[in-house]
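Geometric and topological summary
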Amino acid sequence: KPLQQKRDIEEPGNAEGMRSRAEKMNRDQTIVNREKCEGMLNSDDLVVIVAMVHNRMDYFKYFVESLRNVRYIEDALLVISQDMFLGELDAILNEVDFMCYVKVFYPGSLQLHPSSFPGKDPNDCPRDVSPADAKRMKCINAEWPDQYGHYREAQYTVIKHHWWWKLNFVFQRMDVLKNHKGFKVLVEDDHVLAPDTIHMLLKVKSIPSMDRAHLVVLGDYEALKRPFRGNTLQSLVWVSTKHNMGMAITNKFFDLLHECSSKFCEFDDYNWDWTLHYLSHLQCLGGSSINALVIQGARIQHIGACGVHVKSSDCSAKRAYEKAKALYSSSAHELFPTELSVTVGRQQHPFAIKGNGGWGDKRDHELCAKFANTQQ
């Protein structure tokens, strides 16, 4: 069987076999190490960590190592939402014996659809061809350029699709979570968490300010630029460029977002976070901008120096992880606070945006709407 799985991964022509494996994974929803969290599965104090994972295993192994160092991690469930079958991913997860985890697979993955939508179809229009030339070429999506006259690029649209699918899957289709009302924490494969992350989330869950907040943000990108204040949160209007990592959300937020599905799915921006910013500007979620409680002593850090939008001369995952660990070592006296303090920050209404484009294709709108359907 391992040899067959290795072939599935290495042979691009076996997309059909991989699609079957992905469907089975999403059907079975097998919880590995279930005995670790069995007593918490019916509790709203169960913290669900939802990790969107692509192929950056050099970072992912440090994400997993950071989880190993989180106190009370046995009271959490890790959901791995992957979009590639990778032997290295399986090898890393096979070493996880300290917590429960379940793997699910994004069904619109480019690995599963190498030459057809939602991947790149050979008859798709090239990104930079003019709409007039596209119509002469009679390429599939000639009628659906974005607002800037460009055509979809599958390697970018897949990220927004995957983010949206995994959100809907976790809240609507995971049997073990159907009655769960606690936090789902959205992270990615190049994040690392602080040792007291679960302690903090359970503390925050019980404070009065939670009643007025849409979500909790574990930290922003300024963590290394200011003193570490371990017991302080700030009530702020959510900003896509600052607050898009470590978002801890509940059913309340998801239900409001789900009501805005059509706007999310049709806004011409291939970024999920800028699309959320747009919804916040519209005050779509319950008639207000998105309000966040942002933990000032960041319990999450982004170590992915190189990725879709960011290039760096130093892409060493190990050095980035050591730097992240050093922050928590030097701030150890600020971790595990017994009392929390909430201050109110500048309440600036989100500015209007036109959108970054890349999301004009009608097929993307329809697939996105399909993922919001509880039956899909």
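It should be noted that the structure appears before, not after, this text.
Note that this is a predicted model, so its numbers are computed, not measured.

All chains considered together, the criterion is met by 18 salt bridges. Between R68 and D97 there is a salt bridge whose closest N-O contact spans 3.5 Å. In this pair, R68 sits in helix α4 (residues 57-68) while D97 sits in the loop between α5 (87-94) and β4 (100-105), placing the two residues 29 residues apart along the sequence. For D97, a relative accessible area of 46% puts it in the partly exposed group. A salt bridge links R226 to D220, with the shortest nitrogen-to-oxygen separation between them at 3.1 Å. Salt bridges linked by common partners bring R56, D189 and D190 together as one network.

Before going further, it helps to examine empty space enclosed by the protein. Overall, the coordinates contain one cavity of 30 Å³ or more when judged by the stated rule. For the largest cavity, the calculated volume is near 60 Å³. Taken together, M52, W163, K166, L186, V187, E188, H191, N244, M245, G246, M247 and W272 make up the lining of the largest cavity. Sort the elements by how many residues they give to the lining of the largest cavity and strand β5 (residues 184-188) lands first, with three residues. Looking at the lining of the largest cavity, its residues break down into seven nonpolar, three polar and two charged.

A separate point is the nonpolar core. Generally speaking, a soluble globular protein has its nonpolar side chains buried in company with each other. V79, W163, W164, L215, L257, F264 and L276 are the most contacted members of the largest nonpolar core, which totals 53 residues. Residue contributions to this core peak at eight residues, all from helix α7 (residues 154-172). Once you skip the residues sitting within four places of it in the chain, L215 turns out to touch W238, M247, A248, I249, F253, I290, N291, A292 and L293. Residues A76, V185, V204 and V216 belong to the second largest nonpolar core, which totals 42 residues.

Parameters at a glance
- Residues numbered from 1 in each chain as written.
- Predicted model: local features only at pLDDT ≥ 70, side-chain atom pairs only at ≥ 80, totals over all residues.
- Heavy atoms only, no water.
- Salt bridge = Lys/Arg side-chain N within 4 Å of Asp/Glu carboxyl O.
- Helix = DSSP H or I, 4+ residues; strand = E, 2+ residues; numbered from the N terminus.
- Buried < 20%, exposed > 50% of the residue type's maximum accessible area, 1.4 Å probe, protein only.
- 1 Å grid on protein atoms, 1.4 Å probe; cavity = no way out; pocket = protein on both sides within 12 Å on 5 of 7 lines; lining within 4 Å.
- Points joined across faces, edges and corners; volume = space filled by probe spheres on them.
- Nonpolar A, V, L, I, M, F, W, Y, C, P; charged D, E, K, R; others polar.
- Core = buried A, V, L, I, M, F, W, Y, C linked by side-chain atoms within 4.5 Å.
- Contact = heavy atoms within 4.5 Å.

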